[in-house]
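Architecture at a glance
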Amino acid sequence: MRPTTANLFEHIPIRVQRQLQLLLLVTIVTFSPRVMLSDETGEAHRGQQVYMQCHECHEIGNGATNGIGPHLNQLFGRVAGGIDGFHYSPSFISAGAEGLVWNVDSIAAYLEDPQSYIEGTRMNYPGLRDKEQRDELIAFLRLFSDDSDDLMVLDSYTNEPGFSLDPDVLEIEGDREYGEYLSSLCTTCHQLAGEDAGIPAIINWPERAFVAAMHAYKNKTRTNPVMQIIAERLSDEEIAALAAYFADPQD
Amino acid sequence: MKIKRRTFICAAAAAGILASPQLSASGHTRPRVVVIGGGPGGATVARYIAKDSDGAIDVTLVEPTRRYYTCFFSNLYIGGFKAIEELGHGYGALASAHGINVVHDWAVGVDRDSKTVTLAGGSELAYDKLILSPGIDFIEDSVDGWNLTAQNAMPHAYKAGSQTELLRSQIMAMPTGGVYAMVAPPNPYRCPPGPYERVSMVAHHLKLHNPTAKIIIADPKEKFSKQSLFEEGWNNHYPGMIDRIGPDFGGDIVSVDPHSMTVTIDGEVTKVDACNVIPAMRAGKIVHTAGVADGNWAPVNAVDMSSKMDPDVHILGDASLQGDMPKSAFSANSQAKVCANAVRGALIGSRVFPARYANTCWSLIETNDGVKVGATYEATDEKIARVDGFISSTGESADLRKATYEESEGWYAGIIADMFN
Ligand SMILES: Cc1cc2nc3c(=O)[nH]c(=O)nc-3n(C[C@H](O)[C@H](O)[C@H](O)COP(=O)(O)OP(=O)(O)OC[C@H]3O[C@@H](n4cnc5c(N)ncnc54)[C@H](O)[C@@H]3O)c2cc1C
């Protein structure tokens, strides 16, 4: 039986649940039968379902690129904060400098409680406390790293929203200066420094991800009422302007 | 081609091609903005003007205190959820990171003809644009028997700092089974849910340390903000502890006696152990001195928060009479950004964008039981008008309430960074 959304996300705090709403509507590439073959216990396959929580921010598989979070190909053996061109939090950079390398143990510890493992991480995820699910997720992630016995080559898991967002809307070029002004509506709560003290960081997101998220609030796919009423008042151009500014506010 | 705004402004300024920047008073080279009051209105507007004009505007912030203690979250201090130090914030970064001239003094005079502000220390500051965000003052004798000399016996704790500490110590010193009384303010006042969040926090403390104690609220208002949410929470968490006396039972006919520590409600005298008098409010005195008030508050234009009486004076936050926004830190901060954008446009010709306003107020009822109310607003000819809003519902899950509380923590960190970093 396929897990229903309810039981899949049951133990996850509302703050995260509401962010997962969007994800339920994403178009997901069907899983290749190869996983089943090499995954006798089915662990990695179950891990794919756990991975859906990560999917809104992280791409994995063939052609995966950095999104809100870095892509997760070749994660095993990667130095923390080690992808060139991705804007990591300062804490991640220093963790890497101090020698943190991702392996089964470090990934497990980080996933269990991200904020205590790397204080100041921008990953807006409260942690995966269930050990079984953690192991499954790690088994899944491992398929996409060279040290895997059976390196997965799948079509990329990207995070395009599944609700009908006019593709033209994603193409609008944002007026960055207008975005900077409008950003002041956001910075009452969302910190420009990217700190997350209870309200997620929204800096350095790919513009498309930002636009998709705002439209998900606007059409009420995402449920936070504060964000819904803010988004409701923003035109497509204004959302694009905000996305352009927040993509790189220090520019 | 993408031109960076800052580069553009500098280059344009050098070439003298900016759209007719207003000539500043007394031929001073850089236009001058004087901001009075360093709260959410004043600190935010000073920071945004300075930060976004990269030195093209001379910004002075006048604020008597060296450390600003936030009223927001001060109820959480009363409940024991925060330390007083967590509520205090200094102005150092405004000076060092943004080049704002921070002057710790009181503004005591405004001459709108010569465009100067006089400080208590005697100096004069010239301005091209003056921004007033002095918050509120209390209307003396609005509660019979109470005036500022009584505030040590019966604190308002509605300007945060020593008053808040005093109130907390009085609550902690209450005898077993003692009585805490609150005289709630009439509309309009700062932070509509504030008195009721405070009652919740006092109840939280008493439940833990003095469970037979009682809370009485004398309230001149028929209804109050988030009423059903608070009443539901009080019933669930503090059954039998809180008695609110509305105007239908004489909650509007109140006098206090700070010497005998009694509160008289509709003729009935009660001896109390802690008494929190929150009097009626009006705009901070300097707004009246400057002659931009009409009655208790200062009317402003919704497009840019400029005074209806003087286009070169803006009034922000609690002191302003703007329309539908509640007097909150969130509102003052939101208004400050609209004002900053308009003032920069007027002084150095930067782009002026349409006014956007928003507000959300979170309140804590009991540990991890947070609720919120919020709205968006637009500028109309007449006022700042509410467009759409939301409020937490009764009967929400504990998880959602906890998430709402966590969100309020994030907001606090966010607005503090937005004011002081
Ligand atoms: C108990 C309580 C709880 C609250 N909770 C919340 C909340 O959760 N969320 C929220 O959004 N709001 C909350 N508020 C409301 C919020 O504190 C006010 O709305 C906000 O502080 C208003 O900002 P302001 O800039 O208008 O004035 P203020 O914050 O009052 O700042 C005015 C400043 O001006 C200075 N000043 C005054 N006169 C002069 C002068 N002549 N010269 C120089 N300086 C002067 C003062 O020293 C002061 O620092 C709460 C208020 C209270 C009392």
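Please read all numbers here as calculations on a predicted model, not as lab measurements.

Here is what the cut-offs are and how they apply
Residues numbered from 1 in each chain as written. Chains lettered and ligands numbered in written order. Predicted model: local features only at pLDDT ≥ 70, side-chain atom pairs only at ≥ 80, totals over all residues. Helix = DSSP H or I, 4+ residues; strand = E, 2+ residues; numbered from the N terminus. Buried ≥ 20, exposed ≤ 12 C-beta atoms within 10 Å, placed from the backbone. Contact = placed C-beta atoms within 7 Å. Near = placed C-beta within 6 Å. Nonpolar A, V, L, I, M, F, W, Y, C, P; charged D, E, K, R; others polar. Domains from an automatic or database assignment. Pairing = 2+ DSSP bridges. Axes fitted to C-alpha atoms, helices over the stretch in contact; angles between N-to-C directions. Parallel < 35°, antiparallel > 145°, perpendicular 65-115°, else oblique. pLDDT = per-residue confidence, 0-100. Expected span 1.5 Å × (residues − 1). Right-handed = clockwise from strand over helix to strand, strands pointing away.

Here's the deal with the overall build of chain B
- For chain B, the count of helices and strands is 10 helices and 24 strands.
- Projected onto the principal axes, the alpha-carbon positions of chain B cover approximately 75 × 45 × 40 Å.
- Per-residue burial over chain B gives 52% buried out of 421 residues.
- Pairs at least 24 apart in sequence give 69% of the contacts found in chain B among residues at least 6 apart.

Looking at the site of the ligand
All names here are of chain B.
- With respect to spatial proximity, 38 residues lie near the ligand, and among them Gly37, Gly39, Gly41, Gly135 and Gly317 are the closest.
- Secondary structure elements with two or more residues in the shell around the ligand: helix H2 (40-53), helix H3 (74-78), helix H6 (194-209), helix H9 (329-348) and strand S22 (357-366).
- Here the shell around the ligand is built from residues that sort into 19 nonpolar, 14 polar and 5 charged.
- Counting contributing residues per domain, the shell around the ligand is built from domain 1 (5-137 + 282-354) and domain 2 (149-279), each supplying no fewer than three.

A word on the domain arrangement of chain B
All names here are of chain B.
- Partitioning chain B into domains gives domain 1 (5-137 + 282-354) and domain 2 (149-279).
- Taken over C-alpha atoms, the centre of domain 1 sits 34 Å from the centre of domain 2.
- Listed by partner, the interface residues are 17 residues for domain 1 and 21 residues for domain 2.
- When residues in the side of domain 1 that touches domain 2 are grouped by element, the largest group, 5 residues, is from H3.
- Per-class residue counts for the side of domain 1 that touches domain 2 are 9 nonpolar, 6 polar and 2 charged.

Remarks on the interface of chain B and chain A
- If you look at the interface, chain B gives 32 residues, while chain A gives 25 residues.
- Among the secondary structure elements, those contributing two or more residues to the side of chain B that touches chain A are H9, S22, strand S23 (369-379), strand S24 (384-391) and helix H10 (398-420) of chain B.
- Residue composition of the side of chain B that touches chain A, by class: 13 nonpolar, 9 polar and 10 charged.

Observations regarding the sheet that holds strand S13 (residues 242-245) of chain B
Residue and element names in this part refer to chain B.
- Strand order in this open sheet of 4 strands is S13-S12-S11-S17, and the pairing throughout is parallel. The sheet terminates laterally at S13 and strand S17 (274-277), the two strands that pair on one side only. Strand-to-strand twist of the sheet, defined as the mean angle between neighbouring strand axes without regard to direction, takes the value 15°.
- Pairing analysis gives 4 bridges linking strand S11 (residues 179-183) to S17, with the strands arranged parallel. Bridge pairing in S17 links Val183 to Val277.

What to know about the packing of helix H10 (residues 176-186) of chain A against helix H13 (residues 236-247) of chain A
Residue and element names in this part refer to chain A.
- Contact geometry of H10 with H13 gives a least axis separation of 7 Å together with a crossing angle of 90°. The angle between the axes of H10 and H13 places the two elements in the roughly perpendicular class. Residues Arg176, Tyr178, Gly179, Glu180, Leu182 and Ser183 of H10 pack against Glu238, Ala241, Leu242, Ala244, Tyr245 and Phe246 of H13.
- Grouping the amino acids of the contact of H10 with H13 by side-chain chemistry returns 7 nonpolar, 2 polar and 3 charged.

Concerning the confidence of the model for chain B
All names here are of chain B.
- For chain B, mean pLDDT is 94; residues scoring 70 or higher make up 93% of the total.
- For the stretch residues 1-26, pLDDT sits under 50, and the model shows 29 contacts to residues farther than four places along the chain or on other chains.
- Prediction confidence for the complex, expressed as pTM and ipTM, is 0.83 and 0.88 respectively.

Some points on H6 of chain B
- Relative to the 22 Å expected for 16 residues at 1.5 Å per residue, H6 of chain B spans 23 Å between its end C-alpha atoms, a close match to the ideal helical length.
- Counted residue by residue, H6 of chain B has 13 buried out of 16 residues, so it is predominantly covered.

A few points about the environment of Asp273 of chain B
Residue and element names in this part refer to chain B.
- Tracing the chain through its elements places Asp273 in the loop between strand S16 (268-271) and S17.
- For Asp273, a count of 18 C-beta atoms within 10 Å corresponds to the partly exposed category.
- In this structure the C-alpha to C-alpha distance between Asp273 and Gly122, which are 151 residues apart in sequence, comes to 43 Å.
- Every residue in contact with Asp273, bar those within four places of it in the chain, is listed here: Met174, Pro175, Gly178, Val179 and Tyr180.

A word on the domain arrangement of chain A
- Here chain A is partitioned into domain 1 (5-142) and domain 2 (167-247).
- Across the side of domain 1 of chain A that touches domain 2 of chain A, the residue classes tally to 3 nonpolar, 6 polar and 2 charged.

A closer look at helix H11 (residues 207-218) of chain A
Residues and elements named next belong to chain A.
- Between the first and last C-alpha of H11 there are 16 Å, a value that for 12 residues agrees with the 16 Å anticipated at 1.5 Å per step.
- Of all 12 residues in H11, 11 are buried; the element is thus mostly enclosed.
- When we look at burial in H11, the residues that qualify are Glu207, Ala209, Phe210, Val211, Ala212, Ala213, Met214, His215, Ala216, Tyr217 and Lys218.
- Of the residues flanking the end of H11, it is Lys220, one or two places downstream, whose phi is positive at about 65°.

Some words on the sheet that holds strand S14 (residues 254-257) of chain B
All names here are of chain B.
- What the 3 strands build is an open sheet, ordered S14-S15-S16; its pairing is antiparallel. Looking along the sheet, the strands with just one partner apiece sit at the ends: S14 and S16. When strand polarity is set aside, the average angle formed by the axes of neighbouring strands in this sheet is 20°.

Observations concerning the pairing of strand S1 (residues 32-36) of chain B
Residue and element names in this part refer to chain B.
- Among the 5 residues of S1, 5 are classified as buried, and the element is accordingly described as predominantly covered.
- Going residue by residue along S1, you find Arg32, Val34 and Ile36 tucked away on one face and Val33 and Val35 tucked away on the opposite face as well.
- A crossover links S1 with its parallel partner strand S2 (residues 58-62), the connecting element being H2, and its sense is right-handed.
- Judged from the 4 bridges that link them, S1 and strand S9 (residues 129-132) form a sheet pairing that is parallel. By the bridge assignment, Val34 is partnered in S9 with Leu130.

Observations regarding unusual backbone geometry
- In this chain, Asn187 of chain B is followed by Pro188 of chain B through a cis amide linkage whose omega measures -10°.
- Structurally, Pro188 of chain B is set in the loop between S11 and H6.
- Although it is not a glycine, Gln74 of chain A adopts a positive phi angle of roughly 55°.
- Considering the arrangement of structural elements, one finds Gln74 of chain A in the loop between helix H4 (43-51) and helix H5 (90-97).
- The backbone of Ala157 of chain B sits at a positive phi, close to 50°, despite the residue not being glycine.
- When you line up the elements, Ala157 of chain B lands in the loop between strand S10 (136-138) and helix H5 (162-172).
- Look at Ala157 of chain B and you get buried, because 25 C-beta atoms sit within 10 Å.

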